[in-house]
Amino acid sequence: MKKCLAITAVGFQQMFADPMYLIFTLALPLLLTWAMSFLPREAGVYEMALLGVLVMFVALNLLTSAGSILEEKQQGTWQRLRSSATPYRAIMAGYLLRFSLVAAVQALLLLLSGKLLFGAPWNQGYGELAVVLAVYIFAMTGLGLFLAGLFKTQGQVQAAATGIVLVGSMLGDIFFPMENPSTAIKFITAISPQSWAAHALKDILLQGAALASLVKPLLWMGGLGLLLLTAGLLRLKTEM
Amino acid sequence: MILEVKQLEKSFGARRAVAGINLLLNEGEVLGLLGPNGAGKTTTLAMIGGLLQPEAGSITIGGWDLQRHPLQAKALLGIVPQEPALYPQLSAAANLRFWGTMQGLQRSELNKAVAEALAVVGLTERARERVVNYSGGMKRRLNIAAGILHRPKLLIMDEPTVGVDPQSRNHIHETVKRLQCAGTAIIYTSHYVEEVEELCGRVLIMDAGKVVAAGTVAELLRAAGHAQELVIKVNRPHQAVLSRLTAIPGVREAVMVGQAFKLLTLKAEQVLPLAYEYLLSQGLQVSAIEIHKPNLESLFLKLTGKSLRDQ
């Protein structure tokens, strides 16, 4: 546990020493949340756009953070960690804890700023909200580790992450509600965790949806996350 | 015996990187590991460091089988990678505290171990400075401190002096000698033959995944025979000239290194005029000629057909 927490703490120190990371993770999504407050407040367009910003930036943050493992490989600290008397499970637990905590804080800040600064009507379903966010963070962490196992450099992960997140968010029926979508768009909407998460969050916060009605998105995101996380963990364990 | 490697094997696809390496290392012994690029050094060290799984063979560190008891074995191991493996945004002391924690040092012993390691590498005064502001030599010294602060029984040092200033190099050499005196067994790789001769009691030369020579420096030099190394520096060396130089009677091996041809021969006085005459006939200008006594470099050239510094 001590080693796991030390890995998390060092990750935080590295992250917060980089002003670009803070701008990208917090300042930019806050700015977009503010920009979305100028959207018309009818038919849930504004609320959906706010939640779209949240799921998009949480996904980007998690995917690129997982790619930081590749940066550690390049600077040799990953190899030194793996040569140390620290079990692989403790090493990965340290990374996963850091990724999840940052994503949770980021999501919380965006929800709070939406409510307190820009008048978003989030007044219910906080327990359900926490569950959906936790499962979404798990799914995107799994995808991030999968990409980290698949690619060789952080640049490659960032490029893939940007593509996945933009396609999943922009074409996933989040920012632009689509009438008569094509088969391809329907497919993207059906598999995109961002789309599932944004719609589930909207149902909870605006309509007070209970968890029982959210089994499908939770199972999809949880299952996908588990599959990708397992694949990523196995791949990273065997790669030098 | 601190390290015992038996019949170690590893392939990458069709390429056999390590083909049955055996290795024994006692406490307080410094083993020089030499080999050209692709010889299998890095793969061997990665397997001993627990980073790669061997396909066959076994590695035992301090009596612990690395495959079956990896954590116990790794607790006895320290590594000093070629490039400093440190967190640049953290201070030197914070880096060492982190690596000490990863090696299982308890809070009570951590501060003392960090202070000692910093003192050994001469960085006590700069302990609170962020690593990103360190010079290359200081980073390499801190890299060593991170490898030794848990007092490992076995230390792997992979080219620790590449690109460092003479002052830092001397400091690193002194550190190696001090660690050796304290009983640490060290595997030391380098392309600088002088430091291998100075620091390493035993040397192992690898090529194509196999050990091609092993022994003390004196034993290896005896094996090198009386062959001398003839170094001829010219203005425009090229491959066609090298082929003709290799064909001169009495030349055992010839390689091109930078602006020079290196010829291994038993009869330097006979080979030199012929080589010189040939080079002039090809319109080349000879800028310097040196004749070296047999050393590890010439043995390396003889065994592998490659020059150590041409890696």
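Being a predicted model, the structure only gives us computed values, none of them experimental. Position numbers for residues count from 1 along each chain, tracking the sequence in the order it is written. Chains carry letters and ligands carry numbers; both start at the beginning, A for chains and 1 for ligands, and go up in the order they are written. Given that this is a predicted model, residues contribute local features only at a pLDDT of at least 70 and side-chain atom pairs are listed and counted only at 80 or more, while totals for whole chains, interfaces and linings are drawn from all residues.

### Focus on the overall build of chain A
(1) Moving on: Of regular secondary structure, chain A possesses 10 helices and zero strands.
(2) Moving on: Secondary structure elements follow DSSP: runs of H or I of four or more residues count as helices, runs of E of two or more count as strands, with numbering from the N terminus. Counted from the first residue to the last, chain A has its helices and strands arranged as α-α-α-α-α-α-α-α-α-α.
(3) Moving on: The size measure is the radius of gyration over C-alpha atoms, and the globule rule it meets is 2.2 Å times the number of residues to the 0.38 power. Whereas a compact globule of 240 residues would reach a radius of gyration of roughly 18 Å, chain A reaches 18 Å, a difference of no more than 12%.
(4) Moving on: Considering only residue pairs separated by 6 or more positions, chain A has 81% of its internal contacts joining residues 24 or more positions apart. By the convention adopted here, residues are in contact when the distance between their C-beta atoms, placed from the backbone, does not exceed 7 Å.

### What about the overall build of chain B?
(1) Moving on: For chain B, the helix and strand inventory stands at 11 helices and 14 strands.
(2) Moving on: C-alpha extents for chain B along the principal axes are approximately 70 × 45 × 35 Å.
(3) Moving on: Put plainly, a residue is buried at 20 or more neighbouring C-beta atoms within 10 Å of its own, exposed at 12 or fewer, and partly exposed in between, counting only other residues' C-beta atoms, which are placed from the backbone. By the burial criterion, 47% of the 311 residues in chain B qualify as buried.
(4) Moving on: Long-range pairs, those at least 24 residues apart, make up 70% of the contacts in chain B between residues at least 6 apart in sequence.

### Topic: unusual backbone geometry
All names here are of chain B.
(1) Moving on: Phi is positive for glutamine 7, close to 45 degrees, though the residue is something other than glycine.
(2) Moving on: Here glutamine 7 shows up in strand S1 (residues 3-12).
(3) Moving on: A positive phi angle, near 50 degrees, is found at glutamate 159, a position not held by glycine.
(4) Moving on: Checked against the element boundaries, glutamate 159 lands in the loop between strand S7 (154-158) and helix H6 (166-181).
(5) Moving on: The exposure class assigned to glutamate 159 is partly exposed, which follows from the 18 C-beta atoms found within 10 Å.

### Brief notes about the interface of chain B and chain A
(1) Moving on: Across the boundary between the two partners, chain B contributes 22 residues, which contact 20 residues of chain A.
(2) Moving on: Breaking the side of chain B that touches chain A down by element, the ones donating at least two residues are helix H2 (70-75), strand S6 (77-80) and helix H3 (92-102) of chain B.
(3) Moving on: Following the grouping adopted for this structure description, the nonpolar residues are Ala, Val, Leu, Ile, Met, Phe, Trp, Tyr, Cys and Pro, the charged ones are Asp, Glu, Lys and Arg, and the polar ones are all others, Gly among them. In the side of chain B that touches chain A, the residues fall into 14 nonpolar, six polar and two charged.

### Considering the pairing of strand S4 (residues 56-61) of chain B
Residues and elements named next belong to chain B.
(1) Moving on: With five bridges joining them, S1 and S4 adopt antiparallel strand pairing. Along S4, the bridge assignment pairs leucine 3 with isoleucine 61.
(2) Moving on: Two strands qualify as a pair provided DSSP detects at least 2 bridges between them. For S4 and strand S5 (residues 64-65), the ladder comprises two bridges, and the chain directions are antiparallel. If you follow isoleucine 61 over to S5, its bridge partner there is tryptophan 64.
(3) Moving on: In this antiparallel pair of consecutive strands, S4 and S5, the connection spans two residues, and glycine 62 shows a positive phi of 55 degrees.

### Overview of the packing of helix H6 (residues 126-150) of chain A against helix H10 (residues 215-238) of chain A
Residues and elements named next belong to chain A.
(1) Moving on: For helices, the axis comes from a line fit to the C-alpha atoms of the stretch in contact; other axes are also lines fit to C-alpha atoms, and the angle between any two N-to-C directions lies between 0 and 180 degrees. For the pair H6 and H10, interaxial distance at closest approach is 7 Å and the crossing angle is 30 degrees. When the interaxial angle is binned, H6 and H10 end up roughly parallel. Viewed along their axes, H6 and H10 form a crossing whose handedness is left-handed.
(2) Moving on: The class makeup of the residues in the contact of H6 with H10 is 18 nonpolar, six polar and one charged. Any angle between 65 and 115 degrees counts as roughly perpendicular, while under 35 counts as roughly parallel, over 145 as roughly antiparallel, and the rest as oblique. For any pair of crossing helices, the crossing counts as left-handed if the nearer helix is rotated counterclockwise from the farther one by less than a right angle, and right-handed if it is rotated clockwise.

### As for the packing of H6(A) against helix H9 (residues 193-207) of chain A
For any two helices packed against each other, the geometry is given by the interaxial angle and the distance between the axes.
All names here are of chain A.
(1) Moving on: The contact between H6 and H9 brings their axes to 10 Å, and the two run at 175 degrees. The orientation of H6 relative to H9 falls into the category roughly antiparallel. Across from Glu128, Leu129, Val132, Tyr136, Ala139 and Met140 in H6, the residues of H9 making contact are Pro193, Ala197, Ala200, Leu201, Ile204 and Leu205.
(2) Moving on: Of the residues in the contact of H6 with H9, the class split is 11 nonpolar, no polar and one charged.

### Brief notes about the sheet that holds S4(B)
All names here are of chain B.
(1) Moving on: Reading across the sheet, the four strands line up as S2-S1-S4-S5 and stay open at both edges, with antiparallel pairing between neighbours. Because the sheet does not close on itself, it has two edges, and the strands there are strand S2 (15-25) and S5.
(2) Moving on: Seen against the sheet, helix H1 (residues 41-48) touches S1, S2 and S4 and runs at an angle of roughly 120 degrees to S1.

### Some thoughts on the sheet that holds S7(B)
Sheets are built from strands that pair by backbone hydrogen bonding, the pairs being arranged parallel or antiparallel.
Residues and elements named next belong to chain B.
(1) Moving on: Pairing in this open sheet of six strands is mixed, and the strands run S6-S7-S8-S3-S9-S10 from one edge to the other. In this open sheet, the two strands that pair with only one neighbour each are S6 and strand S10 (210-216). Pairwise comparison of adjacent strand axes, ignoring direction, gives a mean angle of 15 degrees for this sheet.
(2) Moving on: Here H6 sits on the sheet in contact with strand S3 (30-34), S7 and strand S8 (185-189), set at roughly 150 degrees to S8.

### Observations regarding H6(A)
(1) Moving on: For H6(A), with 25 residues, the first-to-last C-alpha span of 36 Å sits near the 36 Å given by 1.5 Å per residue.
(2) Moving on: For H6(A), the buried fraction is high: 18 of the 25 residues fall into the buried class. Between the first and last residue of a helix there are one fewer steps than residues, each counted as 1.5 Å, and that sum is the expected span.

### Things to note about the confidence of the model for chain B
(1) Moving on: pLDDT expresses how confident the predictor is about each individual residue, on a scale running from 0 to 100. Averaged over every residue, the pLDDT of chain B is 88; residues scoring 70 or more account for 97%.
(2) Moving on: Across the interfaces of the predicted complex, the ipTM metric reaches 0.83, alongside a pTM of 0.79.

### Here we look at H3(B)
(1) Moving on: Among the 11 residues of H3(B), 10 are classified as buried, and the element is accordingly described as predominantly covered.
(2) Moving on: Considered for burial, the residues of H3(B) that qualify are B:Ala92, B:Ala93, B:Asn95, B:Leu96, B:Arg97, B:Phe98, B:Trp99, B:Gly100, B:Thr101 and B:Met102.
(3) Moving on: Contacts made by the buried residues of H3(B) are with helix H1 (2-16) and helix H4 (77-83) of chain A together with helix H4 (107-120) and helix H5 (136-148) of chain B.

### Some thoughts on the pairing of S10(B)
Residues and elements named next belong to chain B.
(1) Moving on: Bridge count for strand S9 (residues 202-207) against S10 is six bridges, and the pairing is antiparallel. Its bridge partner being in S10, valine 203 is matched across the sheet by glycine 215.
(2) Moving on: Hairpin connection between S9 and S10: a loop of two residues separates the two successive antiparallel strands, and alanine 208 in this loop has a positive phi of roughly 50 degrees.

### A word on the environment of B:Tyr134
Residue and element names in this part refer to chain B.
(1) Moving on: Mapping tyrosine 134 onto the fold places it in the loop between H4 and H5.
(2) Moving on: Distance in space between the C-alpha atoms of tyrosine 134 and histidine 171 is 16 Å, their sequence separation being 37 residues.
(3) Moving on: Once residues within four sequence positions are removed from consideration, tyrosine 134 is found in contact with Glu129, Lys139 and Leu142.

### Quick look at the confidence of the model for chain A
(1) Moving on: Per-residue pLDDT for chain A averages 86, and the proportion of residues at 70 or more is 98%.
(2) Moving on: Within chain A, helix H8 (residues 183-191) of chain A has the poorest average pLDDT of any element, 80, and H4(A) the best, 93.

### Looking at the nonpolar core
(1) Moving on: Formed by 159 residues in total, the largest nonpolar core has its most connected members in A:Leu63 and B:Ala145.
(2) Moving on: Counting residues per element, this core draws most heavily on helix H3 (residues 45-75) of chain A, which supplies 18 residues.
(3) Moving on: Annotation comment: domain bounds sourced from an automatic or database domain assignment. Residue assignment places this core across two domains, with domain 1 (3-221) and domain 2 (226-293) of chain B each supplying three or more.
(4) Moving on: Ignoring anything within four residues of it in the chain, the contact list for A:Leu63 reads A:Met140, A:Leu143, A:Gly144, A:Leu147, A:Val157, A:Ala161, A:Ile164 and A:Val165. Any nonpolar core is a set of buried residues, restricted to Ala, Val, Leu, Ile, Met, Phe, Trp, Tyr and Cys, that join up through C-beta atoms within 7 Å.

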